[in-house]
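These are the residues of each chain, in order.
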Amino acid sequence: MMNRNDMIQAVRKNPVFYLATMDGNQPRVRGMLLYSAGDDGIIFHTAKQRDLFAQIMKNNMVELCFNADGAQIRISGKLELVEDDLLKDKIASDPSRAFLAPWRNSVSAGEFHAQFAVFKMTKGHVTVWTMERNLEPKIEFEY
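Because the structure is a prediction, the values reported are computed rather than measured.

Draft legend 1. Structural view of the overall build of the chain. A tally of helices and strands in the chain yields five helices and 10 strands. Taking 143 residues into account, the globule formula puts the C-alpha radius of gyration at 15 Å, and the chain, at 16 Å, falls close to it. Projecting the C-alpha coordinates of the chain onto the three principal axes gives extents of approximately 55 × 35 × 20 Å. A separation threshold of at least 6 residues defines the contact pool for the chain, and within that pool the share at least 24 residues apart is 64%. Surface exposure of the chain reaches about 8,000 Å², of which carbon and sulfur atoms provide 52%. Side chains of the chain give 18 positive and 18 negative charges; the mean places of these two sets differ by 3 Å.

In structure tokens, the structure reads:
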């Protein structure tokens, strides 16, 4: 049975997830790439000029869905915008984020910091589903 530590390890190993937001009364889901997960929260990023950013700023209740090791892990909770320029620089210089380099190198540091949005979920409700446990009670716990 999965617990909080198992969940953290599973999402770290499987960093692609789907993020559900609301756009008015229309749900919107898109694929995202996890930056980090641990005791300090789940962290990912986007650009402030994206529709995603506006949706989160209007309604910060979201659900993340990871497919990890045969399990579907859904995490529901509130996101907080993290305005930390040192963290933004750390993310942008991470080798796993090489795709950010052209953007980061094309603008000033101040402009990049102003446009780069980092979100964190520090508390959430986790629901785990597997085909093997399909008809059994849900595995649920707080993150």
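Draft legend 2. Seen up close, the pattern of salt bridges. Enumeration over the complete set of coordinates arrives at seven salt bridges. In this structure, the salt-bridge partner of R28 is D23, at a minimum N-O distance of 3.4 Å. Among the residues examined, D23 registers a relative accessible area of 36% and is labelled partly exposed. Here R74 and E63 are joined by a salt bridge, their closest N and O atoms 3.1 Å apart. Here R74 is found in strand β6 (residues 71–78), whereas its partner E63 is found in strand β5 (residues 61–68), with 11 residues between them in sequence. Taken together, the shared-partner salt bridges in this structure form one network comprising K48, E83 and K88.

Draft legend 3. Up close: the sheet that holds strand β2 (residues 26–33). Taken together, six strands build an open sheet; the order of strands is β2-β1-β5-β6-β9-β10 and the sheet is antiparallel. Every other strand in the sheet has two partners, leaving β2 and β10 (139–142) as the edge strands with one partner each. Each adjacent strand pair in this sheet contributes to an overall mean axis angle of 20°, direction not counted. Bridge count between β6 and strand β9 (residues 125–130): six bridges; the pairing is antiparallel. Within β9, the position partnered with R74 by the bridge is T127. Lying on the sheet, helix α1 (residues 4–13) is in contact with β5, β6, β9 and β10; it crosses β6 at an angle near 105°. Together, β1 (16–23), β2 and β5 form the strand contacts of helix α2 (residues 51–58), whose direction differs from that of β1 by roughly 60°.

Draft legend 4. Representation of α2 in the model. What α2 keeps buried is the set L52, F53, Q55 and I56. Projection of α2 onto a plane perpendicular to its axis shows the buried side chains occupying an angular sector of 165°, all on one side. In α2, the exposed positions that point more than 90 degrees away from the buried face belong to D51 and K58.

Draft legend 5. Structural detail: the side chain of T21. Here T21 is to be found in strand β1. T21 sits in the buried class, given a relative accessible area of 2%. Polar side-chain contacts of T21 include one of 2.6 Å to the side chain of Q55. Other than its neighbours up to four places away in sequence, T21 contacts Q26, P27, R28, R30, L52, Q55, I56 and V62.

Conventions and cut-offs
Residues numbered from 1 in each chain as written. Predicted model: local features only at pLDDT ≥ 70, side-chain atom pairs only at ≥ 80, totals over all residues. Heavy atoms only, no water. Helix = DSSP H or I, 4+ residues; strand = E, 2+ residues; numbered from the N terminus. Rg over C-alpha atoms; globule rule 2.2 N^0.38 Å. Contact = heavy atoms within 4.5 Å. Areas by Shrake-Rupley, 256 points an atom, 1.4 Å probe, with all protein chains shown as cover. Lys, Arg positive; Asp, Glu negative; His and termini not counted. Charge placed at Lys NZ, Arg CZ, Asp CG, Glu CD. Salt bridge = Lys/Arg side-chain N within 4 Å of Asp/Glu carboxyl O. Buried < 20%, exposed > 50% of the residue type's maximum accessible area, 1.4 Å probe, protein only. Pairing = 2+ DSSP bridges. Axes fitted to C-alpha atoms, helices over the stretch in contact; angles between N-to-C directions. Arc of directions from axis to C-beta. Polar contact = N/O pair within 3.5 Å; in protein donor to acceptor, adjacent residues only side chain to side chain.

Treat this as a map of the structure, not an account of what it does.
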